[in-house]
Amino acid sequence: MMKNKKVAVLVSGGGTNLQALIDSGIEISLVISSKKDAYALTRAAKNGIAAVVTEWADYRPERELFSRKILEILLEHSIDLVVYAGFMVILSDCVCKAFPNAMLNVHPSLIPAFCGEGYYGLKVHKAALERGVKLSGATVHFVNDVCDGGPIIMQKAVEVHDDDTPETLQARVMQVEREILPLAVKRLIGE
Ligand code: GAR
């Protein structure tokens, strides 16, 4: 169990999951964004949370270099637990190895369905609707060297409605992401 541990949240977009973590009272030491215009950065600023931008676009396709930069920042800030909250870059092994069982991700499907490389954001929900599943949901899992392949920590299902669009399904799934991500983080930091 990790009492008084320093938590970093990695983001790339709107930051609704970051907001859920903030609202749940979890203390966040650092936000790292792979996009300089991510709304998540505004959320961090509004809540007085230190934030760093490392633009993936400046590194692309140098995943290793980008990952080393992220790792350097995490180590500089003495981070103990890393939370991917809508972080859209797959980091290389050097980061996973530095944070064994101390890095988690929220994914917008019931893993092992609709996950892995290429399944992110709305694409996940489009794929779920195309396959005709009647349940989807959200998964919080540990990050390891397999994309979306680490041990599952928590899942919650939602119903898929006949008239769902990728956007309406996404909204329903994101609601449960915002429930289970803070619960999983609290469990890991011992709150
Ligand atoms: C969330 O639905 C998250 O699960 C998903 O992107 C969205 C980010 O929203 N992540 C992935 O697809 C990663 N594979 P947010 O920026 O508002 O938290």
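Residues numbered from 1 in each chain as written. Predicted model: local features only at pLDDT ≥ 70, side-chain atom pairs only at ≥ 80, totals over all residues. Heavy atoms only, no water.

*Asks:* Please give an account of unusual backbone geometry that cites residues and values.
*Replies:* The amide bond that connects arginine 60 to the next residue, proline 61, takes the cis arrangement and shows omega of 0°. As for its position among the elements, proline 61 is in the loop between α3 (56-59) and α4 (63-76). In this chain, isoleucine 111 is followed by proline 112 through a cis amide linkage whose omega measures 20°. Summarising the element assignment, proline 112 is placed in the loop between β5 (103-107) and α6 (122-131). Even without glycine at this site, asparagine 101 takes up a positive phi of about 55°. Located in the positive-phi region is aspartate 148, a residue other than glycine, with phi close to 60°. Checked against the element boundaries, aspartate 148 lands in the loop between β6 (135-142) and β7 (152-159). Judged by relative accessible area, aspartate 148 falls into the buried class, the value being 10%. (Helix = DSSP H or I, 4+ residues; strand = E, 2+ residues; numbered from the N terminus. Buried < 20%, exposed > 50% of the residue type's maximum accessible area, 1.4 Å probe, protein only.)

*Asks:* I'd like a rundown of the pattern of salt bridges, residues and numbers included.
*Replies:* All chains considered together, the criterion is met by six salt bridges. Glutamate 179 serves as the salt-bridge partner of lysine 156, at 2.5 Å between the closest nitrogen and oxygen. With lysine 156 in strand β7 and glutamate 179 in helix α7 (residues 166-189), this residue pair connects regions lying 23 residues apart in the sequence. Using a relative accessible area of 34% as the deciding quantity, one classes lysine 156 as partly exposed. The partly exposed category is assigned to glutamate 179, whose relative accessible area is 36%. Between arginine 172 and aspartate 164 there is a salt bridge, and its shortest N-O distance comes to 2.7 Å. For the pair arginine 172 and aspartate 164, one class covers both residues: buried. (Salt bridge = Lys/Arg side-chain N within 4 Å of Asp/Glu carboxyl O.)

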